[in-house]
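Each chain, written out:
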Amino acid sequence: MPTAFPDFRLGAVLATSFTGTLSERHGEAVERIPVPHRLVDWLAVYGLAVNSCTTAQLDLARDLREAIHAAATAAAVGDALPAAAVAVINDRSAQGRAAAILTPEGERRWRLSSASRVEDALGVIAADAISIIAGERDGKLALCASPTCRAAFFDTSQSRTRKWCDMNTCGNRQKKARFNANQRRSAESAP
Ligand SMILES: [Zn+2]
């Protein structure tokens, strides 16, 4: 029987969706890319299809993920960016050789230099992280309000008041917790 792996949490922003492949960082952490082929699956969802991935490439990916998480968290709270994280992001960006391709339909696609170049895909993710951390895109980095999550996410809402990294998971759980607490309170105060 094939082993079941945890589902991906798919967000609209590449870099912060990538950091979301490790979720519940302040609770019971869930690793969503535990083996190389899960990274292959994740990259395919984001238009960065590769046909293979080694454990060494998975390690590079996870290093980049943690570097983006550290830098984005610092940026969200206004701290100085951690130098080690910045170095990892820059290395991955510099070593990527993906080309942006415009399709006849006017869409952007990524073309990797070879189908085994996970490094090219990581370069695209690193460049995406740079653009949001550098404040070049319309939106604001913030931290998820869920105490077991605290993921950095990119808030593109009009009011910039989004509280959770993901409405379907963190947002729903918080709402349910509040609902249950209210139910308990009204039960206790009932005659
Ligand atoms: Zn969250």
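Residues numbered from 1 in each chain as written. Predicted model: local features only at pLDDT ≥ 70, side-chain atom pairs only at ≥ 80, totals over all residues.

Describing the overall build of the protein chain
- Within the protein chain, the secondary structure is distributed over six helices and six strands.
- Starting at the N terminus and ending at the C terminus, the protein chain contains elements arranged as α-β-β-α-α-α-β-β-α-β-β-α.
- Considered along the principal axes of its C-alpha atoms, the protein chain spans approximately 70 × 45 × 40 Å.
- Counting across all 191 residues of the protein chain, residues that qualify as buried make up 34%.
- In the protein chain, 55% of the contacts between residues at least 6 apart in sequence involve partners at least 24 apart. (Helix = DSSP H or I, 4+ residues; strand = E, 2+ residues; numbered from the N terminus. Buried ≥ 20, exposed ≤ 12 C-beta atoms within 10 Å, placed from the backbone. Contact = placed C-beta atoms within 7 Å.)

Considerations on helix H3 (residues 55–77)
- If you check H3, its first and last C-alpha atoms are 33 Å apart, about what 23 residues at 1.5 Å a residue would give, namely 33 Å.
- Two residues or fewer after H3 comes Gly 78, characterised by a positive phi angle close to 80°. (Expected span 1.5 Å × (residues − 1).)

Structural notes on the pairing of strand E3 (residues 99–102)
- Pairing analysis gives four bridges linking E3 to strand E4 (residues 108–111), with the strands arranged antiparallel. Bridge pairing in E4 places Ala 99 opposite Arg 111.
- What sits between the antiparallel neighbours E3 and E4 is a turn of five residues, in which Gly 106 has the positive phi angle 85°. (Pairing = 2+ DSSP bridges.)

As for the UniProt feature "domain: Zinc finger CGNR" (unreviewed entry) in the protein chain
- When the UniProt feature table is mapped onto this chain, "domain: Zinc finger CGNR" (unreviewed entry) is found at residues 141–181.
- Here residues 141–181 runs as 37% helix and 17% strand, with 30 Å between its end C-alpha atoms. (UniProt positions renumbered as here; feature names shortened; annotations may be inferred.)

Thoughts on the nonpolar core
- Leu 64 and Ala 121 are the most contacted members of the largest nonpolar core, which has 46 residues in total.
- Put simply, the parts of the chain that give this core at least two residues each are helix H1 (14–19), helix H2 (36–45), H3, helix H4 (83–95), helix H5 (118–133), strand E5 (140–143) and strand E6 (152–155).
- The leading source of residues in this core is H3, at ten residues.
- Residue contacts for Ala 121: discarding those within four places in its chain leaves Leu 43, Leu 48, Val 50, Ala 98 and Leu 112. (Core = buried A, V, L, I, M, F, W, Y, C linked by C-beta atoms within 7 Å.)

Some details on the environment of Leu 22
- Structurally, the position occupied by Leu 22 is in strand E1 (residues 22–23).
- The exposure class of Leu 22 is partly exposed, given the 18 C-beta atoms found within 10 Å.
- For the pair formed by Leu 22 and Ser 159, sequence separation is 137 residues and the distance between their alpha carbons is 27 Å.
- Excluding anything up to four places from it in sequence, Leu 22 contacts Ala 29, Glu 31, Arg 32 and Arg 65.

Re unusual backbone geometry
- Positive phi outside glycine occurs at Glu 24, with the angle close to 55°.
- Residue placement: Glu 24 occurs in the loop between E1 and strand E2 (30–31).
- Overall, Glu 24 belongs to the partly exposed group, with 16 C-beta atoms counted inside 10 Å.

A few points about the packing of H4 against H5
- Relative orientation of the contacting elements H4 and H5 amounts to 125°, with a least axis distance of 7 Å. The angle between H4 and H5 falls in the class oblique. In the packing of H4 onto H5, the handedness of the crossing is left-handed. Residues Ile 89, Arg 92, Ser 93 and Gln 95 of H4 pack against Glu 119, Leu 122, Gly 123, Ala 126, Ala 127, Ala 129 and Ile 130 of H5.
- Here the contact of H4 with H5 is built from residues that sort into six nonpolar, three polar and two charged. (Axes fitted to C-alpha atoms, helices over the stretch in contact; angles between N-to-C directions. Parallel < 35°, antiparallel > 145°, perpendicular 65-115°, else oblique. Left-handed = near helix turned anticlockwise from the far one by under 90°. Nonpolar A, V, L, I, M, F, W, Y, C, P; charged D, E, K, R; others polar.)

Observations concerning H4
- Taking 1.5 Å of rise per residue, 13 residues should cover 18 Å, and H4 covers 18 Å from first to last C-alpha, within 8% of that figure.
- Along H4, the positions that sit buried rather than exposed are Ala 85, Val 88, Ile 89 and Arg 92. Down the axis of H4, the buried side of the element spans an arc of 95°, and every buried residue falls inside it. Structural note: H4 exposes Ala 83, Ala 87 and Ala 94 on the side pointing more than 90 degrees away from its buried face. (Arc of directions from axis to C-beta.)

Digging into the environment of Leu 60
- Tracing the backbone through its elements, the reader meets Leu 60 in helix H3.
- With 62 residues separating them along the chain, Leu 60 and Leu 122 place their C-alpha atoms 8.4 Å apart.
- Setting aside chain neighbours within four positions, we find Leu 60 in contact with Glu 119 and Leu 122.

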